[in-house]
Amino acid sequence: MAKHVLLIEDEPNIIEAISFILRQDGWKVSTHSDGTKAVAEIARVAPDLVILDVMLPGRSGFEILQDLRSRAETEKLPVLMLTAKGQTRDRQAAQDLGASHYMTKPFSNQEMLDVVRGLIA
Amino acid sequence: MQALEATVEGLSDRLTHDPFLSESLHAMLSSVTAIQATSGILAQTQELEPLQQRRFQANIYDESARLSDLSQSLARYFDRPADDVQATSTPLDEVDVFLSANNHHFPALEVGTVGAVEKVIAGGEGLVSQAARSIARGLLLQYVHDAETMPLDAFLTTGRDVNFETSRLAQHFGVALPSIFRRLAFLPQSEVDPRFGLIQCDASGAVLLRKSLHGFALPRYGAACSLLPLYQALGRPHIAFRAVLQTPDDISVMAEAFCIYLGDPGSDAPPILRATMVIRPYQPLGRAGGSQNTLPVLRVGSSCRVCPHLACAARREPSIHAASN
């Protein structure tokens with residue numbers, strides 16, 4: 001059975017491209033765009049991996065990650081953080097809050113696949 | 001792309017303090033990401049259904065158009081002379097220019113329909129970016145609604161009868177004060193005495209709409225004088241604030257501000273606020289002035305940095321005037 005990736009991102013064309021790339025690689029992919037309801041969506045779909053954008057409407061990816069790490073059921077859920085800022089302090093914040101991995105936009109499709117494969121191999 | 005990332009890194013301090021630059025570069029990197037991922041799919045996927053292929057091509061086209069808008073906006077931003085107040089840099093600046101070019105009045109929308117809005121935008125001077133056109137569309141749709149609710153002739157007649165007193169106009173037309181404020185600011189200047197200025201902001205103080213009044217500087221990007229009733233209204237929604245504002249140049253205006261909730265204030269979501277302030281030249285009316293003569297007089301400046309009121313309790317940072325004293 002295919003592993004389930006939940007992509008939480010608000011840029012529609014990025015959602016479409018990443019979803020396509022991951023599905024082509026054999027993953028089951030679902031998507032969500034609202035930061036305020038992201039934690040509830042994660043609880044609902046129980047994914048094997050979350051790809052989480054930092055800049056989301058309503059609630060930042062950092063806040064969502066912090067929330068996930070404070071809950072027993074998602075404490076160890078693999079979370080790949082995405083950001084477009086490319087700033088050192090964002091990378092540090094992601095690590096401090098417990099992100100499993102951190103990628104800076106833009107990234108290559110192969111890089112994305114390698115990281116996802118590595119996180120839920 | 002590494003160069004672009006390096007640029008972002010190098011400008012980190014400026015990014016922190018310049019919302020326009022930060023948002024623009026974030027949007028550019030998002031567009032580049034979408035284009036790189038989508039073009040990678042087109043280049044590397046052996047068998048792609050024609051429909052899917054066209055869809056990805058369209059996505060790349062859309063993102064490239066967005067990049068074009070963003071790059072033009074950034075170019076204007078960096079090219080802007082420091083003293084060129086007419087130069088545009090952000091979508092809101094473009095809207096500012098567009099509204100000013102039309103003297104904040106749109107005869108075609110006074111009895112217009114939603115369709116008329118698109119015609120006005122299509123011929124809109126200064127509306128360069130898609131974002132600016134989108135903001136202008138929202139404002140003009142509001143304009144059409146206001147014009148329907150408060151027809152121009154009736155508004156002018158009633159307004160003159162009540163000396164453009166906002167509470168009486170609101171009562172007469174059965175609308176909230178911000179609607180009256182907007183209508184006053186968008187009246188034809190040749191028909192109205194006095195003239196009105198307007199500013200609207202969200203809970204962060206970010207300016208959403210502004211119409212200057214000669215002699216009284218309204219904030220352009222926030223960081224303005226925190227004594228303005230506009231900001232006081234944010235702290236107490238649905239309560240009207242009125243005051244006489246006196247500038248260091250002895251310009252006096254009467255200001256009225258009102259803040260409303262957008263959406264349901266009772267929900268768990270953070271409340272979304274919109275504060276609106278209308279200003280008009282202030283002329284003491286003597287004994288006949290009634291309540292207007294009892295308004296508090298606030299000594300305000302354009303921003304702390306250039307304000308000569310050195311002992312102001314609301315001061316955020318020292319004034320350049322302090323160094324010269």
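As the structure is a computational prediction, the values presented were derived from the model and not from experiment. (Residues numbered from 1 in each chain as written. Chains lettered and ligands numbered in written order. Predicted model: local features only at pLDDT ≥ 70, side-chain atom pairs only at ≥ 80, totals over all residues.)

J.: Residue-level account of the overall build of chain A, with values.
T.: Each helix and strand counted, chain A has five helices and five strands in total. In chain A, the order of α-helices and β-strands from amino to carboxyl end is β-α-β-α-β-α-β-α-β-α. Out of the 121 residues in chain A, the part that is buried amounts to 42%. (Helix = DSSP H or I, 4+ residues; strand = E, 2+ residues; numbered from the N terminus. Buried ≥ 20, exposed ≤ 12 C-beta atoms within 10 Å, placed from the backbone.)

J.: Which residues make up the environment of Val 111 of chain B, and what values do they have?
T.: Along the chain, the position of Val 111 of chain B falls in the loop between α6 (107-110) and α7 (114-122). On the neighbour-count criterion, Val 111 of chain B (12 C-beta atoms within 10 Å) is exposed.

J.: Could you give an account of the nonpolar core, with specific residues and numbers?
T.: With 52 residues, the main nonpolar core has Leu 140, Leu 230, Ala 257, Met 277, Val 278 and Ile 279 of chain B as its most contacted residues. Examining the composition of this core, we find that seven residues originate from one element, helix α8 (residues 130-149) of chain B, more than from any other. If near-sequence neighbours (up to four positions away) are discounted, Ile 279 of chain B is found in contact with Phe 196, Gly 197, Leu 213, Phe 216, Val 253, Met 254 and Ala 255 of chain B. Formed by 40 residues, the second largest nonpolar core is a distinct cluster that contains Leu 22 and Ile 64 of chain A together with Ile 35 and Ile 41 of chain B. (Core = buried A, V, L, I, M, F, W, Y, C linked by C-beta atoms within 7 Å. Contact = placed C-beta atoms within 7 Å.)

J.: Describe the sheet that holds strand β1 (residues 197-202) of chain B, with residues and values.
T.: Residues and elements named next belong to chain B. If you walk across this open sheet you meet the six strands as β2-β1-β5-β4-β3-β6, and the pairing is mixed. Unpaired on one side and paired on the other, β2 (207-211) and β6 (297-299) mark the two borders of the sheet. Across the sheet, the axes of successive neighbouring strands diverge by a mean angle of 25 degrees, strand direction being ignored. Inspection of the sheet shows β1 paired to β2 by four bridges, in the antiparallel sense. (Pairing = 2+ DSSP bridges. Axes fitted to C-alpha atoms, helices over the stretch in contact; angles between N-to-C directions.)

J.: Describe in detail the confidence of the model for chain B, supporting the description with residues and values.
T.: A low pLDDT means the predicted coordinates there should not be read in detail. On average, residues of chain B score 83 in pLDDT, and 84% of them are at 70 or above. Across residues 82-87 of chain B the pLDDT falls below 50, and counting only partners more than four positions away or on other chains, this stretch makes four contacts in the model. (pLDDT = per-residue confidence, 0-100.)

J.: I'd like to hear about the sheet that holds strand β4 (residues 79-83) of chain A, residue by residue, with values.
T.: Residues and elements named next belong to chain A. Spatially, β2-β1-β3-β4-β5 is the arrangement adopted by the five strands of the open sheet, whose pairing is parallel. Here the strands that pair on one side only, and so sit at the sheet edges, are β2 (28-32) and β5 (101-104). Between one strand axis and the next, the sheet turns through 20 degrees on average, direction left out of account. Inspection of the sheet shows strand β3 (residues 49-53) paired to β4 by four bridges, in the parallel sense. Directly across from Leu 52, in β4, lies its bridge partner Met 81. Relative to the sheet, helix α1 (residues 12-24) contacts β1 (4-8) and β2, its axis offset from that of β2 by approximately 165 degrees.

J.: Tell me what's going on with the environment of His 214 of chain B, and back it up with residues and numbers.
T.: Counting through the fold element by element, His 214 of chain B comes out in the loop between β2 and α12 (229-235). A sequence separation of 17 residues divides His 214 of chain B from Gly 197 of chain B, and the C-alpha atoms of the two residues are 8.6 Å apart.

J.: Would you mind going over the packing of α8 of chain B against helix α11 (residues 177-185) of chain B in detail, with residue names and values included?
T.: Residues and elements named next belong to chain B. Remark: α8 packs on α11, axes separated minimally by 10 Å, with the N-to-C direction vectors making an angle of 100 degrees. Viewed along their axes, α8 and α11 adopt a mutual orientation that is roughly perpendicular. Together, Gln 142, Asp 146 and Thr 149 of α8 and Ser 179, Arg 182 and Arg 183 of α11 make up the contact between the two elements. Its residues placed into classes, the contact of α8 with α11 shows no nonpolar, three polar and three charged. (Parallel < 35°, antiparallel > 145°, perpendicular 65-115°, else oblique. Nonpolar A, V, L, I, M, F, W, Y, C, P; charged D, E, K, R; others polar.)

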